[in-house]
Amino acid sequence: MKLGVSSYCFRKLMASGEMDLIAVLDWVAASPAEHVEVAAVDGEYYLENDEVVRKAAAHAADIGVPIVNYLVSGDLRTADCEEIDRLRRQLDVAHRFGARIFRHDVAPWAWREQDQAEFESTFEQVVIGCQAVADHAASLGIVSTIENHGFFMNGSERLSRLVYAVDRPNFRVTLDLGNGLCVGEVPGKTAAGLIDVAASVGVKDFHIRRTAPGEGWLKTLAGDYLLGTVAGHGDVDLHSLLALVATKPDLPVSLEFEGMEATPQAIERSLENILELVGA
């Protein structure tokens, strides 16, 4: 298994200034992980700071920690030309990072259609936007992806439908093993339904409860409550899910820790647990 780490795991430390992307790369180089995916949680920072991107790319090459995936926000609900152009420019950033996979959203995380008619009309626009982005990605030798993420474009059936509707050989899925829970889909169904159209995999774990015992819990469309935690410490059956992922050994797999536990200790424990679960 090609196991790596998402920079999203370090988002609090990066936001506080305690770490930057170079420090994340160095941390991963000293860990059992093999690669990094860069999550642009700070908006347009990398788009606006080309020198930071180039220095990080050079450092990643020097220490042998490839940047395999670059993740950004996106809103293609209207196939807006300005937004498509922004995503194309973000693709250029991914290319400068040396990433071979690019993940963009198609709607704000919390947005959900009001009815089926709104879904269908929005879906048509999303297809057009994804095609335009994927075509630019192809010119750069990059695989363009969407993640099962948020409340709109989530669930294996919606993601599979989008892949086939976009109909581009370089348009695939960044498969998050836990995110289907947000829309009431069990992780086993999500993974089984998307593994064949996945270009990369994200590993996260959740505590799952029927009632929220306090602050910080996310309410799903099924009425459950989720709280991120150390991989292997939650209620997601990562053992079975990772066994399925192992049938696709070329897929890069990245830890995405978003729990309340202290980092980087929680990241270290998560990596150790994943490797133990896969028998590495």
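Up top you'll find the structure we're talking about.
Residues numbered from 1 in each chain as written. Predicted model: local features only at pLDDT ≥ 70, side-chain atom pairs only at ≥ 80, totals over all residues. Heavy atoms only, no water.

Peer 1: Could you clarify how one ought to interpret the environment of H35 in this entry?
Peer 2: Position of H35 relative to the elements: it lies in the loop between helix 2 (21-29) and strand 2 (36-39). Under the relative-accessibility criterion, H35 is labelled buried at 4%. Spatially, the C-alpha atoms of H35 and I101 are 13 Å apart, while their sequence positions differ by 66 residues. Beyond its immediate sequence surroundings of up to four residues, H35 is in contact with K2, L3, G4, V5, V28, V65, P66, V68, P252, V253 and S254. Among the polar contacts listed, one links the side chain of H35 to the backbone oxygen of V253, at a separation of 3.4 Å. At 3.0 Å, the side chain of H35 forms a polar contact with the side chain of S254. (Helix = DSSP H or I, 4+ residues; strand = E, 2+ residues; numbered from the N terminus. Buried < 20%, exposed > 50% of the residue type's maximum accessible area, 1.4 Å probe, protein only. Contact = heavy atoms within 4.5 Å. Polar contact = N/O pair within 3.5 Å; in protein donor to acceptor, adjacent residues only side chain to side chain.)

Peer 1: Whenever I open this one, the sheet that holds strand 3 (residues 67-72) confuses me. Can you help?
Peer 2: Around the barrel, 8 strands lie side by side as 1-2-3-4-5-6-7-11; this closed barrel has parallel pairing. Averaged over all adjacent pairs, the angle separating strand axes in this sheet is 30°, with direction ignored. Both strand 1 (residues 2-6) and strand 2 contribute to a ladder of 2 bridges, which runs parallel. Among the inter-strand pairings, S6 is bridged to a residue of strand 2, identified as E37. (Pairing = 2+ DSSP bridges. Axes fitted to C-alpha atoms, helices over the stretch in contact; angles between N-to-C directions.)

Peer 1: I tried to follow the packing of aromatic side chains on my own but got confused; where do I start?
Peer 2: Given two aromatic rings, one states the distance between the centres and the angle between the planes to describe the pair. Under the defined criterion, the tally for this structure stands at 10 aromatic pairs. Centre to centre, the rings of F119 and F123 are 5.6 Å apart; their planes meet at 35°, and the pair counts as tilted. Placement of the pair is F119 and F123 together in helix 6 (residues 116-139), with a separation of 4 residues, close to one helical turn. An aromatic cluster is built from Y45, Y46, Y70, F97 and F102, whose rings are joined through pairwise contacts. Seen from the ring of W111, R77 lies directly overhead, with NZ or CZ sitting 5.0 Å from the centre. The lysine or arginine in question, R161, covers the ring of F123, its NZ or CZ lying 4.3 Å from the ring centre. (Phe/Tyr/Trp six-rings, centres within 6.5 Å; stacked < 30°, edge-to-face > 60°. Lys NZ or Arg CZ within 6 Å of the ring centre and 35° of its normal.)

Peer 1: Can you help me understand the nonpolar core in this one?
Peer 2: Note on soluble globular proteins: their nonpolar side chains tend to be buried together. Core analysis: the biggest nonpolar cluster contains 86 residues, and Y70, F97 and L162 have the highest contact counts within it. Sequence-distant contacts of Y70, defined by excluding residues within four places in its chain, comprise V38, A40, Y46, Q90, V93, A94, F97, A99, I101, F102 and R103. (Core = buried A, V, L, I, M, F, W, Y, C linked by side-chain atoms within 4.5 Å.)

Peer 1: Help me understand helix 7 (residues 156-166), please; the structure alone is not making it clear to me.
Peer 2: A turn of α-helix holds 3.6 residues, and therefore any two residues three or four places apart point the same way. Listed as buried for helix 7 are S156, R158, L159, S160, L162, V163 and V166. Packed against the buried residues of helix 7 are helix 6, strand 5 (143-147), strand 6 (171-176) and helix 8 (187-194). Looking one or two places after helix 7, you find D167, whose phi comes out positive at around 55°.

Peer 1: Looking at this structure, I do not really get the pattern of salt bridges. What am I missing?
Peer 2: If the charged atoms of two oppositely charged side chains come close together, the side chains can form a pair. Applying the stated criterion across every chain yields a total of 19 salt bridges. As a salt-bridge pair, R161 and E120 come within 2.7 Å of each other at their nearest N and O atoms. Of this pair, R161 sits in helix 7 while E120 is found in helix 6, placing the two residues 41 residues apart along the sequence. A salt bridge links D176 to K204; the shortest N-O distance between them is 2.6 Å. Within this pair, whereas D176 is found in strand 6, its partner K204 is found in the loop between strand 7 (198-203) and strand 8 (205-209), the two being separated by 28 residues in sequence. On the basis of relative accessibility, which here comes to 2%, the residue K204 falls in the buried class. One network of salt bridges, in which partners are shared, links E44, E83 and R86. (Salt bridge = Lys/Arg side-chain N within 4 Å of Asp/Glu carboxyl O.)

Peer 1: Where do I start with the packing of helix 5 (residues 81-97) against helix 6 in this structure?
Peer 2: Packed helices, taken two at a time, are described by their axes: the angle between them and the distance between them. One way to put it is that helix 5 packs onto helix 6 with a least axis distance of 10 Å and a crossing angle of 30°. In terms of orientation, helix 5 lies roughly parallel with respect to helix 6. Like other packed secondary-structure pairs, helix 5 and helix 6 cross with a definite hand, here right-handed. Along the contact surface, helix 5 presents I84, L87, R88, L91 and D92, while helix 6 presents G129, A132, V133, H136 and A137. Classifying every residue of the contact of helix 5 with helix 6 by side-chain character gives 6 nonpolar, 2 polar and 2 charged. (Parallel < 35°, antiparallel > 145°, perpendicular 65-115°, else oblique. Left-handed = near helix turned anticlockwise from the far one by under 90°. Nonpolar A, V, L, I, M, F, W, Y, C, P; charged D, E, K, R; others polar.)

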